[in-house]
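Chain by chain, the residues run as shown.
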Amino acid sequence: MERPDKSTIWPYDERGEPRRFYYSRTDHPAGAAAEAELGRLEGGDALLYASGMGAVTNVLLAFARPGTTVALAEGCYYGTSKLLALLAGWGISYVEYDQAGAPPEADIVWVEAPANPVLTMPDWQLLRAHPGLVVCDATIATPVYLRALDEGADVVLHSATKFLTGSHDALLGATITNDPAKTARLREFRTTAGIVSAPDAAGALLRGLDTLEARMARHTESATELARRLDEHPAVSNVRYPGFSGVISFDVADARAVETGTRLILNATSLGGVHSTMESRYRWEGDRIPAGLLRLSVGLEDIDELWADLEGALSRSAQGLNL
């Protein structure tokens, strides 16, 4: 793949008029190419941002206003609820609800499929009946397992930093819609607010999309087996796994001992990479989740090597607690 064009400006045409690309805050070739491919996979028009939270911010800038109420899925990514809490001063409020049931009355319904890190799934039939704008964060599912626009979402959102790029080497967000008016509004706010992606990150997304389907199949195969083994381990009290993709969360008595007890599995934040990562989410999220919850993002390593690493950490933790 060619190196992305990192220019910030391009010359006007012979009449002195801007061409498609003239200033990179508006658009750039690498971003346009990656947006076209992601849009093809999702069945809509994609826009890229400087991060997943940049995409979240742009959706709220474009579609919320003073007096807007957001119904937010319980247990979803904590950064979204944190941002909404900060926006209370702008007259935007939110309520959390169990996304497996009916959403309450709200202007915007914000779901995750599945929620990060509790891994619940929304009820699409109930969402389709709701009159509000439906936003779906499909970061964990990816378009391999879910095309949320086809299920009734108005806006699909990704932290493309995760599975879509797949290598922990690019910070990137995305939105996808199939309504030209919504896309135009998102683009206008993105350009004016300056939340556009960098060319290198867009190039990383293009590389990642080339292998997405194969990687997701391997993530799912390994995660399915690890979830089964975790469910049988005496040191694990609860396992959550939606049946697809590479993220598992599970509860233990001493999360810190387990997360620091692995060697192959990296004790680090984020998810969706070819290398496995695991962390206690309580350190970031507090009492909104169980204190012993660990989020494991299963990479592409050998399944038996992953289990040996994980089982060793679990067993040592249990011995330390005399379980």
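Residues numbered from 1 in each chain as written. Predicted model: local features only at pLDDT ≥ 70, side-chain atom pairs only at ≥ 80, totals over all residues. Heavy atoms only, no water.

Spatial ordering of the open sheet is given by E8-E9-E12-E11-E10, a layout of five strands whose pairing is mixed. Edge positions in the sheet fall to strand E8 (236–240) and strand E10 (266–267), since each has one partner strand and no second. In terms of strand pairing, strand E11 (residues 277–280) meets strand E12 (residues 293–297) through four bridges, oriented antiparallel. Bridge pairing links Ser 280 to Leu 294 in E12. The strands that helix H9 (residues 212–232) touches are E8, strand E9 (247–252) and E12; relative to E9, the one it contacts most, it runs at about 10°. (Pairing = 2+ DSSP bridges. Helix = DSSP H or I, 4+ residues; strand = E, 2+ residues; numbered from the N terminus. Contact = heavy atoms within 4.5 Å. Axes fitted to C-alpha atoms, helices over the stretch in contact; angles between N-to-C directions.)

Turning next to the pairing of strand E1 (residues 45–49). Regular strands place their side chains on alternate faces of the sheet. Most of E1 is tucked away, with four of its five residues classed as buried. Bridge count between E1 and strand E7 (residues 173–177): five bridges; the pairing is antiparallel. Paired with Tyr 49 across the bridge in E7 is Gly 173. (Buried < 20%, exposed > 50% of the residue type's maximum accessible area, 1.4 Å probe, protein only.)

Quick look at the state of the cysteines now. Scanning the entire structure with this criterion turns up zero disulfides. No disulfide involves Cys 76; its sulfur sits 11 Å from the nearest other cysteine sulfur, which is in Cys 136. Overall, Cys 76 belongs to the buried group, its relative accessible area being 0%. Taking relative accessible area as the criterion, Cys 136 reaches 0% and is therefore assigned buried. (Disulfide = S-S within 2.5 Å.)

This next bit is on the nonpolar core. Ranked by size, the top nonpolar core spans 42 residues in total, and within it Leu 38, Leu 48, Cys 136, Leu 146 and Leu 205 carry the most contacts. For this core, the leading source of residues is helix H8 (residues 199–210), giving six residues. Not counting residues within four places of it along the chain, the set of residues in contact with Cys 136 comprises Val 111, Ala 113, Trp 124, Leu 146, Ala 148, Ala 153, Val 155, Val 156 and Leu 157. With 25 residues, the next largest nonpolar core counts Leu 72, Cys 76, Ile 108 and Ile 195 among its residues. (Core = buried A, V, L, I, M, F, W, Y, C linked by side-chain atoms within 4.5 Å.)

Side chains that carry opposite charge are capable of pairing whenever their charged atoms lie near each other. Summed over the entire model, instances satisfying the criterion amount to 21 salt bridges. Arg 15 serves as the salt-bridge partner of Asp 13, at 2.9 Å between the closest nitrogen and oxygen. Between Arg 20 and Asp 27 there is a salt bridge; the shortest N-O distance is 2.8 Å. Overall, Arg 20 belongs to the exposed group, its relative accessible area being 51%. Bridged by salt links that share partners, the residues Glu 96, Arg 256, Glu 259, Glu 279, Arg 281, Arg 283, Glu 285, Arg 288 and Arg 295 form one connected network. (Salt bridge = Lys/Arg side-chain N within 4 Å of Asp/Glu carboxyl O.)

With that out of the way, let us pick up the side chain of Ser 276. Along the polypeptide, Ser 276 turns up in the loop between E10 and E11. Only 2.7 Å separates the side chain of Ser 276 from the side chain of Glu 301, close enough to count as a polar contact. Other than its neighbours up to four places away in sequence, Ser 276 contacts Leu 264, Ile 265, Leu 266, Ser 297, Val 298, Gly 299, Glu 301 and Leu 306. (Polar contact = N/O pair within 3.5 Å; in protein donor to acceptor, adjacent residues only side chain to side chain.)

On inspection of all chains with the given rule, the structure shows three aromatic pairs. On the basis of an interplanar angle of 35° and a centroid distance of 5.4 Å, the ring pair of Tyr 145 and Phe 244 is categorised as tilted. Note that Tyr 145 is positioned in helix H5 (residues 142–145) and Phe 244 in the loop between E8 and E9, a separation of 99 residues in sequence. Classification of Tyr 145 by relative accessible area gives partly exposed; the value is 32%. The class for Phe 244 is buried, based on a relative accessible area of 15%. (Phe/Tyr/Trp six-rings, centres within 6.5 Å; stacked < 30°, edge-to-face > 60°.)

So, to be careful, I would describe these as geometric facts and stop short of saying anything about function.
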